[in-house]
Every structure is written in C-alpha cells, then in structure tokens.
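Each chain, written out:
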Amino acid sequence: MKNSTHMVPVELDTPFDAAQPTLATAAKRPTWAQTEGSPLPLGVTWIEREQAFNFAVHSEHAESVTLLLYSATDLVNPFIAFRFDFLRNKSGRIWHCRLPISEIAAARYYAYSVSGPTGPQLFSFDPEKVLLDPYAKCIFFPPGFDRELAAREGSNAGKAPLGVLAAHRATFDWEGDRLQHHEFDAIIYELHVKGFTRQSNSGIDPRRAGTYAGLVGKIPYLKELGITIVELMPVFQRDPQEADYWGYMPLNFFAPHAQYASSCDEDEQHLEFRNMVKALHQAGIGVVLDVVYNHTVEGDHRGPIYSYKGLDGPGYYMRSSDPINPYANYSGTGNTLNFGQSHVRKMVMDSLRCWKDEMHIDGFRFDLASVFSRNADGSLNWGEAPLFSEIAADPELGRLRLIAEPWDTGAYQLGRGFPGLTWLQWNGRFRDDIRRFVKGDAAMVPDLMRRIYGSDDFFPDSRGDAYHAYQSVNYIASHDGFTLYDLVSYDRKHNSKNGHNNQDGMDENYSWNCGHEGDEAVPSEVLALRRKQVKNFCCLLLLSNGIPMFRAGDEFMNTQFGNNNPYNQDNETGWLDWSQLQTNQDIFRFFKGMIAFRKSHPSLGRSRFWREDVSWYGTGHTVDLSPDSRSVAFCLHGGSQGDDDIYAMINGYWEDLEFQIQEGSPQEWIRVVDTSLPSPKDFSEIGVPLEQMNYKVAPRSIVVLTRPQRDNLTP
C-alpha cells in the first residue's frame, strides 16, 4: 500500500521565461486549490483542465480523515491512503485534497476512514470502518458486501460499499428535452419502478422487466390510460441487503438505485435513468420523484455504519435526551437527519439540484415533510423552516412541482400553505373522508362536499390567505395502505407474510369488504358491489377540485391480498399482476373514460375554488346535512371556464334514491356516467339523452350529466 501525506500536484504547462523570472515563476506555480484541494463542491469532482480529482467531505468532529483509493483488482487493501493534514487539507469543517490522475490512474473506487472521539451519545468514529462518501453519484457493492459487518465493531474492508471514480462520463444528448408542466390536466400516477413491470405477465422482455428500461416499455399503456405525471417511489440508492422493497431506507441521496438498471455495468443506471426520463417527456409525461431526505438506512445506534454515522453522527443526526436511545426518531425508522445543521440542508439542496440538472426531474414529493420543519431540539418551527426557505429562494427549484407529505410520526401540518406558498400537499383528509362516505359512515355529507370543492378548510382562499385548490393532491389509495380493490374487499389487515399481522385497524383503513372478507368463495353480488364501489371512488376522485393521484394497478383492481404494508415484499404481493388488466377490462375502461372526461373539462380542476360557479342540491332542491344523510348533488357551471355544465348525483345510501334535477330541462342534459350500470353503459363517450327531470339513482351509485355551454343551447 502506498502511503502519502501530500501528493505532488500537476503543474501548469507554462514555458519558463528567463527574461521575466518573477512572472514565469508565478505562472508556473500551482494554485492553492491545486496544492491543497478545494472545499467546494463536496464529493468528488473531475477537473478536466488539470486532469485531477478534487475530493471534499464534511466532518465537524473528526480528528483525522484518510482518503482510501482502491484498484479494481484489490477491494480490501487500498493502494493509496491519503491522510489529510488539517493545516493543509481542511477548511472549516470540510476535509479536502486534489490528486492528479497521473498518480492515481489505477484507482477505480474510493472511500474514507475517519478517527474521532468515542463516548456517549451519537459518536460512532471507528477508523477500521470503510465509509462511503455521502455525495457519491455512483456506488459499487463488492461481491463480498456484508451488511452485518457494518453493524459490528471492527473492519469491513472489502465488504463495504464504495464510491466509483469516473473521470470521463459520456455526455448525454437530451435532444432539446424540456420541463413538463401540467395544470388542469394533471393526473398523477404513483408507481414502483421494479414492481410495475417485474411480473412475467407484464409484457416486458424479461431482460428489462423491473427496470428503468422496463418502464419505458409501458409508456404506450400510460398514454392510453391518460396519465400526465408519474410519481416514482424512491429511486435513491439503497442497501441491497436491507429488506426495503419500497425504497424508503436510503443509503445515499445522489445515486440512482443500480439494481433497477437492466445492465450490471457500473454507471449504466445513469444512462438508463436519463433515457427513461427523456422517453417519458417525449410522451408528454412529467416525472416526480418520491424523495426520502428525513432519515437514512443507518438506523439507530444498533444499525450499520456506512457513511454518516462514521463521518460525524452528531453532525448529521438529531439527538435524543434518552441515553439509552440516543437518536431522535421522528421518522419511525430509527434516526432523523438534523436540518438545523447547515451542511445537512446543503446536502439536500445539492441533491435536489443534481436530480433536476443532471436527470431532468420535474418535481419532488417529500416523504414525512414535517421532519424538515423541526428544530435541533425536535420542536416544530411553525414559521419559515430554513430548508423550505432555501428551496423557495432557489430560482430553479422553486419552479418545480413540489409536493409535501405534511406529517411525520409526531406532527400533522396539513393545509395553510405548508411548507411554502406554491407547494402541493398529500391530502390525507380527502383520502379518509371519501373512504368513509363510500363505506357508508354516517354524518359524512358535509365533509364530502368540502373535499369535492377542493378542501378550502385546509387551503382557505380568504383575503388574508389566498391559497389555491390545486395545492390539494387528492387520493384514495397510495403505496401506504390497501390497494383500491383491497379497500373494498378486506375489513382487516392480512400482513402475516411480513411479520406484521394486525387484525385490528378497520377504522384506521376505513375499508369495507362489501359483505365478505377476502377473495375466497365470494358471492357474485359481493363482487358486483365491489366493482361499483371502485367506480364510485374513481368518480369522486376525478370529479373533485384539486390534483388527482392514484396508485398503479388500481385502474384494473390489482390486489395485495389484504396486505396494507408490503414494504419488504419484493415478490408477487408487491408486484403488479398484469393478468388483472385483461380480467378487469371494464374497470380499466371506466378509469380511462373518467380520466379523459376530467381532462376535457377544465372546469373541474381549477387554480381557484369553484365559489359561485357551483350549486349544491340534495335529492331535491336542498342538501340534507343531517347525520343520517348519505346523498348530495351538485351542478358545476362551466361558462366562466369556457366549459360545459356538469351535474353529479351521489347516492351513498344502500337503497334507491330518486333525484330531481334542479336545473334546465331534460333535452339539455345527457348522461355520461352511471356507476350502477354494467360496462360499457356505465360510461358513455357520446352520452345518453335524458327523458325526464327525475333520475332514480341506484344504491351506492353515482350519476354524472353534462350539458353544453348555455350560449350554445338552441331555444
């Protein structure tokens, strides 16, 4: 092993001028950055003009830092160990150096070894641990990679993840690729990159199934369905030995998950990911990433030491006042990153810019976003949390579609502009209230009206607030919980496969099995009711003001067999079963029709609330708001938007209800939707004219009518 405390920098190619020795000497002399390295940017940077790598890593409490460089033939013994001199290679809390390629040409991988104080609380300094650079953009897992060694004292050399050195990455031709932005036509489709095409019946070549390239193969399907935005469940690189199918335990915030690439070649995932984004953009589909910045895979004091813990636990993670459990745990996964630290916020900002600039991502959905508003002591910053302020101040990031999951394990911050003026939020109240109404719970009509209207109780448009209806991301089901089909097929959770078989929680899920638990020997009338309930959910989602989102597979009634938490089910439970698409073509057709209906009626999804354009009715002229009521109707006038009028009659009761249509005359209205009818009558693309002004709406059914703009009506 070659040891060095100072590497000779590359000199500038300036000829010696004997006539001007002072100027020539100055011109030939290396810069400070060439000699000592630069503290910015963090990570590894290839300096083309100098043919050198710059290394920079943050560690506040380290007493010594050593850069380890490995060849491709020996992953145990570094052939160079460069020990940083704090008088030469340190600026503030950042350790840095610059090494010419001529001296490290054999280096393929890199890591760090860090020494520091040991003792109470979060310090996990262990000079024997091989530590991954938090800014690594490509990560190599050696054949002997071992998670268990990272969780024990002692060396994990040859078995730890390493950063990849790449001096010459091929430039990528984006071919004029542009940011995708959708407004009234925004339809968000949440999917898991692997699970979307992993099943053998997905129709994707087995060599590309479950990969970024596999998703590209499904773009024609997405276009047929009408999707305009895909929201990808986490694609940050994670520990391949962690039971983390969903991806919510990130190892790193800069590298795309290599195991989603169809090729095992190093760095191939960058090319394949970019090709995926470009292909989606060419199809007019935006890409939003579900990003997990609130915690890492390192867990609590018992978890593995891969990177942040070994570099500086107290500098990256929030502390607890409990000496037995030193890590604050607002994420529910063992640790919480400390956003009171400027370098942690900088890491997130640099990551966001990286994905936006290098991968052309259109937006981000922030997992457990309330974590980012916590102060160092764990209290909530109800003003302007620093990270949100920094994102708002960034001229590029502020233009993207930013979505917050407005809660963590101890806070719920839905509504009122959290966490910023133009941010969108996952509306958990929409999910719960719509579920409860369709299930048949009492006293839900007022809440149903609020959710359809756009949730102005959470996003008020008063003079002092002036929020927007589009800030509510409306959804019935997401990855977290039952699928839409399971929501109407199970009263209880059936999670025994992952060790969490909870038989309680009926109210928590607000599910109803329609009279029979599960899928064994289901009576035909129960199956028919389930299909109708699925269509009712689809209707209410796509008729509501706000931005609709649904999870992949719900459009053809994909099931997880009652498992509402398959976070570690990298198998048939977690993968989409595409055979259901053929089995349930009627449901797919209904979803496709309702999506097209919404996109053709901009009056539904507005920037502002409907206000005077909507009239609310019951079965008669007046809405019944009593606890026993389970029905409501509304007429949305589209004239102000250059759109048709829409009349919806919603019967959540278990018997027929006769609705009296309160506006116009029979010849003005055509029926587009009746969820009680069999396909294809349940959704009519050309519409069915009405014959009278009363309509008997079947039990647990929704009927939707339209009439042309009043200016176009014939007398």
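To be clear, the structure that these remarks concern was listed above.
What you see is a predicted model; the values in this text were computed from it and never measured.

Q: Outline the overall build of the chain, listing residues and values.
A: In terms of regular secondary structure, the chain is built from 17 helices and 26 strands. Against the 2.2 N^0.38 benchmark of 27 Å for 715 residues, the chain shows a C-alpha radius of gyration of 29 Å, consistent with a compact globule. In terms of overall dimensions, the chain has C-alpha extents of about 100 × 60 × 50 Å along its principal axes. Put simply, the chain has 715 residues, and 60% of those count as buried.

Q: Run through the pairing of strand β20 (residues 631-636), naming residues and quoting values.
A: Burial analysis of β20 places 6 of its 6 residues in the buried class, the great majority of the element. Here β20 shows two buried faces, one formed by Ser631, Ala633 and Cys635 and the other by Val632, Phe634 and Leu636. Pairing of strand β19 (residues 614-617) with β20 involves 4 bridges; the strand directions are antiparallel. In the strand pairing of β20, Ser615 is matched with Cys635. Where β20 meets strand β21 (residues 645-651), 6 bridges bridge the pair, whose relative direction is antiparallel. For Phe634, the partnering residue across the bridge sits in β21 and is Ala648.

Q: For the sheet that holds β21, give the residues involved together with the corresponding values.
A: Overall, antiparallel pairing links the 6 strands, which are arranged β19-β20-β21-β26-β23-β24 in an open sheet. Every other strand in the sheet has two partners, leaving β19 and β24 (683-689) as the edge strands with one partner each. When strand polarity is set aside, the average angle formed by the axes of neighbouring strands in this sheet is 20 degrees. Strands in contact with helix α17 (residues 585-599) are β21, β23 (670-674), β24 and β26 (701-707); relative to β24, the strand with the most contacts, it is inclined by about 70 degrees.

Q: I'd love a proper account of the pairing of strand β17 (residues 472-475), names of residues and values included.
A: One face of the sheet, then the other: side chains in a regular strand alternate in exactly this way. Alternating positions in β17 separate into two faces, Ser472 and Asn474 on one and Val473 and Tyr475 on the other, with burial throughout. In terms of strand pairing, strand β16 (residues 424-426) meets β17 through 2 bridges, oriented parallel. Residue pairing in the sheet places Trp426 in a bridge with Val473 of β17. Relative to strand β18 (residues 547-551), β17 runs parallel, the two sharing 3 bridges. Within β18, the position partnered with Asn474 by the bridge is Pro548.

Q: Can you break down the pattern of salt bridges residue by residue, with the values?
A: Evaluation of the coordinates by the stated rule reveals 42 salt bridges. Note that Glu358 and Lys137 form a salt bridge whose closest N and O atoms lie 2.6 Å from each other. One end of the pair, Glu358, is in helix α9 (residues 342-359); the other, Lys137, is in the loop between β8 (109-115) and β9 (139-140), with 221 residues separating them in the sequence. Of the residues examined, Glu358 reaches a relative accessible area of 28% and is grouped as partly exposed. Note that Arg707 and Glu663 form a salt bridge whose closest N and O atoms lie 3.2 Å from each other.

Q: Let's hear about the environment of Val216: which residues, and what values?
A: Mapped onto the elements, Val216 comes out in helix α5 (residues 212-216). Owing to a relative accessible area of 29%, Val216 belongs among the partly exposed residues under this scheme. For the pair Val216 and Leu677, spaced 461 residues apart in sequence, the C-alpha to C-alpha distance is 35 Å. Setting aside anything within four residues of it in sequence, one finds Val216 in contact with Asn275, Met276 and Ala279.

Q: Please set out the packing of aromatic side chains residue by residue, giving values where relevant.
A: The final tally for this structure, using the stated rule, is 50 aromatic pairs. Arranged with centres 5.4 Å apart and planes meeting at 70 degrees, the rings of Phe273 and Trp355 form a pair that is edge-to-face. Pair noted here: Phe273 is in helix α7 (residues 268-282) and Trp355 is in helix α9, with a separation of 82 residues, a long-range link. The class of Phe273 is buried, set by a relative accessible area of 0%.

Q: Tell me about α7, residues and numbers included.
A: Taking 1.5 Å of rise per residue, the 15 residues of α7 would be expected to cover 21 Å, and the 21 Å separating its terminal C-alpha atoms lies within 8% of that figure. α7 sits mainly inside the fold: 11 of its 15 residues count as buried. In this fold, the buried residues of α7 make contact with α5, α6 (219-225), β12 (229-232), β13 (286-291) and α9. A positive backbone phi angle near 80 degrees is found at Gly284, which sits one or two residues after α7.

Q: Got a sec to walk through unusual backbone geometry? Specific residues and values, please.
A: Going from Leu40 to Pro41, the amide bond is cis rather than trans, its omega being 0 degrees. Note on placement: Pro41 falls in the loop between α2 (32-36) and β2 (43-47). A cis amide bond, omega 5 degrees, links Ser679 with the succeeding residue Pro680. Along the chain, Pro680 turns up in the loop between β23 and β24. In the Ramachandran plot, Ala521 falls in the positive-phi region, its phi being about 50 degrees despite a non-glycine side chain.

Cut-off values and rules
Residues numbered from 1 in each chain as written. Predicted model: local features only at pLDDT ≥ 70, side-chain atom pairs only at ≥ 80, totals over all residues. Heavy atoms only, no water. Helix = DSSP H or I, 4+ residues; strand = E, 2+ residues; numbered from the N terminus. Rg over C-alpha atoms; globule rule 2.2 N^0.38 Å. Buried < 20%, exposed > 50% of the residue type's maximum accessible area, 1.4 Å probe, protein only. Pairing = 2+ DSSP bridges. Axes fitted to C-alpha atoms, helices over the stretch in contact; angles between N-to-C directions. Contact = heavy atoms within 4.5 Å. Salt bridge = Lys/Arg side-chain N within 4 Å of Asp/Glu carboxyl O. Phe/Tyr/Trp six-rings, centres within 6.5 Å; stacked < 30°, edge-to-face > 60°. Expected span 1.5 Å × (residues − 1).

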